[in-house]
Amino acid sequence: MDIKAKIQEIIEKVKGDKSFAEKFKANPLQAVKSALGINVPDDQIKAVIDGVKAKLSLDKADEALGGVKNLFKK
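Residues numbered from 1 in each chain as written. Predicted model: local features only at pLDDT ≥ 70, side-chain atom pairs only at ≥ 80, totals over all residues. Heavy atoms only, no water.

Enquirer: I'm lost on the environment of Ile45 in this one. Help?
Expert: Topologically, Ile45 is positioned in helix α4 (residues 42-71). Overall, the relative accessible area of 0% leaves Ile45 in the buried class. Spatially, the C-alpha atoms of Ile45 and Val32 are 6.9 Å apart, while their sequence positions differ by 13 residues. When neighbours within four sequence positions are excluded, Ile45 is seen to be in contact with Leu29, Val32, Lys33, Leu36 and Val40. (Helix = DSSP H or I, 4+ residues; strand = E, 2+ residues; numbered from the N terminus. Buried < 20%, exposed > 50% of the residue type's maximum accessible area, 1.4 Å probe, protein only. Contact = heavy atoms within 4.5 Å.)

Enquirer: What's the story with the pattern of salt bridges in this structure? I'm lost.
Expert: In total, this model carries two salt bridges according to the counting rule given. One salt bridge connects Glu9 with Lys6, and the closest N-O pair in it is separated by 3.5 Å. Remark: Lys6 and Glu9 occur in helix α1 (residues 3-16); sequence separation between them is three residues, near one turn of the helix. The residue Asp42 makes a salt bridge to Lys33 at a minimum N-O spacing of 3.2 Å. What makes Asp42 partly exposed here is its relative accessible area of 34%. (Salt bridge = Lys/Arg side-chain N within 4 Å of Asp/Glu carboxyl O.)

Right under this line is the structure:
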């Protein structure tokens, strides 16, 4: 399984599907299992979850910093 590709797939699903985003927030393990549609060991799914959470956190931080940067532009 290409974990990086699965992380990107789940990130896009979280960002594009509010219902899935709520499921991911409430129970990330079940949400990712259902999105993958294949039987994968929990430790691999947890790696995907950790990657998704890290990427989403970075995206939020980048958005916040982008707003701050715009305050200083002329």
